[in-house]
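Structural overview for review
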Amino acid sequence: MKVFILGISGAVGRLLADDLSKRGDTVSGLVRRDEQKFELMRRGVHASVGQLADMTVDSLGSMLRGVDAVVYTAGSNGGARDVTAAIDGEGVIRVLEATTLAGVHRFTLVSVMPEAGRDQDLSDDEEFYFAVKKIVDVVVSQSHLDWLILRPSMLLDRPGTGSVSLGPAQPHDEIAREDVAATLAALLHEPRIRRQILELTQGSTPIAIAVSANLP
């Protein structure tokens, strides 16, 4: 399949690109700088250079035409409000519209668990981040596309185990980015899982079995 990744230069996006390439998929994405493009080219991944916040629906639609699925993994991680609004809010909605314009039916969004960070004293900017994430999840879930929203728990840079806990509701815990990427790749290869919100955390179920358990 042909997959376009927004956020392909990020940690999860890079891992997902590698996982999909190993499966024989054709992977492309959007990066901000030429050096990122050249790095991806060396790994057999095509990338276009541009600033998501500055791109129109039409320009994004031209970029997405001909792919089978769009994956949005870009995020601000709760930084400044203007960046959150541009990337986690307006950016997702613009790409969602561009996906429709390009005639692509599958759209996958990497979101966040609503209760993440609730045991901490969150700043106003972080509260704004969670509010934007929730609103965008609603917008995506109301689209006519074959959408999928994946909400991972706290992301860690450690080797993946290949086993997870995946379902409509999971406790907020932690999970390796490698396991998030591997789960995304498996979900993209299971088109029967569509129009669902799934939460993901560390667990004892092999990824392939965890994905199959969520078939409608």
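Residues numbered from 1 in each chain as written. Predicted model: local features only at pLDDT ≥ 70, side-chain atom pairs only at ≥ 80, totals over all residues. Heavy atoms only, no water.

1. Remarks on the nonpolar core
Nonpolar side chains in soluble globular proteins tend to end up buried together. Counting 33 residues, the largest nonpolar core has Ile5, Ile8, Leu16, Leu20, Leu150, Leu166 and Leu187 as the members making the most contacts within it. At 7 residues, the largest contribution of residues to this core is made by helix α6 (residues 177–188). Excluding anything up to four places from it in sequence, Ile5 contacts Gly13, Leu16, Ala17, Leu20, Val27, Ser28, Gly29, Leu30, Val71 and Thr73. Counting residues in hydrophobic clusters, the runner-up holds 26 residues, among them Leu64, Leu109, Val140 and Leu145. (Core = buried A, V, L, I, M, F, W, Y, C linked by side-chain atoms within 4.5 Å. Buried < 20%, exposed > 50% of the residue type's maximum accessible area, 1.4 Å probe, protein only. Helix = DSSP H or I, 4+ residues; strand = E, 2+ residues; numbered from the N terminus. Contact = heavy atoms within 4.5 Å.)

2. Considering helix α1 (residues 11–22)
Its 12 residues give α1 an end-to-end C-alpha distance of 17 Å, which sits within 8% of 16 Å, the value for a rise of 1.5 Å per residue. Within the span of α1, buried status applies to Val12, Gly13, Leu16, Ala17 and Leu20. Looking straight down α1, one finds its buried side chains confined to an arc of 135 degrees; they lie on one side. Contacts made by the buried residues of α1 are with β1 (2–6), β2 (26–31), β4 (69–72), β7 (154–156) and α6. The positive-phi residue at the C-terminal boundary of α1 is Gly24, with phi of around 95 degrees. (Expected span 1.5 Å × (residues − 1). Arc of directions from axis to C-beta.)

3. Concerning the sheet that holds strand β8 (residues 163–167)
Here 9 strands make up an open sheet; going across it, the order is β3-β2-β1-β4-β5-β6-β10-β8-β11 and the pairing mixed. With one partner strand each, in any of the chains shown, β3 (46–49) and β11 (205–206) form the two edges of the open sheet. Examined bridge by bridge, strand β6 (residues 146–152) and strand β10 (residues 196–202) share 5 bridges and lie parallel to one another. Residue pairing across strands places Ile149 opposite Ile197, the latter belonging to β10. Docked against the sheet, helix α5 (residues 124–141) engages β5 (106–110) and β6, running at close to 155 degrees with respect to β6. (Pairing = 2+ DSSP bridges. Axes fitted to C-alpha atoms, helices over the stretch in contact; angles between N-to-C directions.)

4. Let's talk about the pattern of salt bridges
Summed over the entire model, instances satisfying the criterion amount to 11 salt bridges. Of the charged contacts in the structure, one is a salt bridge between Asp125 and Arg81, with a shortest N-O distance of 3.3 Å. Here Asp125 is found in helix α5, whereas its partner Arg81 is found in helix α4 (residues 81–101), with 44 residues between them in sequence. Of the residues examined, Asp125 reaches a relative accessible area of 30% and is grouped as partly exposed. In this structure, Arg177 and Asp157 form a salt bridge, with 3.0 Å as the shortest nitrogen-oxygen distance. With Arg177 in helix α6 and Asp157 in the loop between β7 and β8, the pair connects residues that are 20 residues apart, well separated along the chain. By relative accessible area, Asp157 is classed as exposed at 67%. (Salt bridge = Lys/Arg side-chain N within 4 Å of Asp/Glu carboxyl O.)

No statement about biological role is implied by the geometric values presented.
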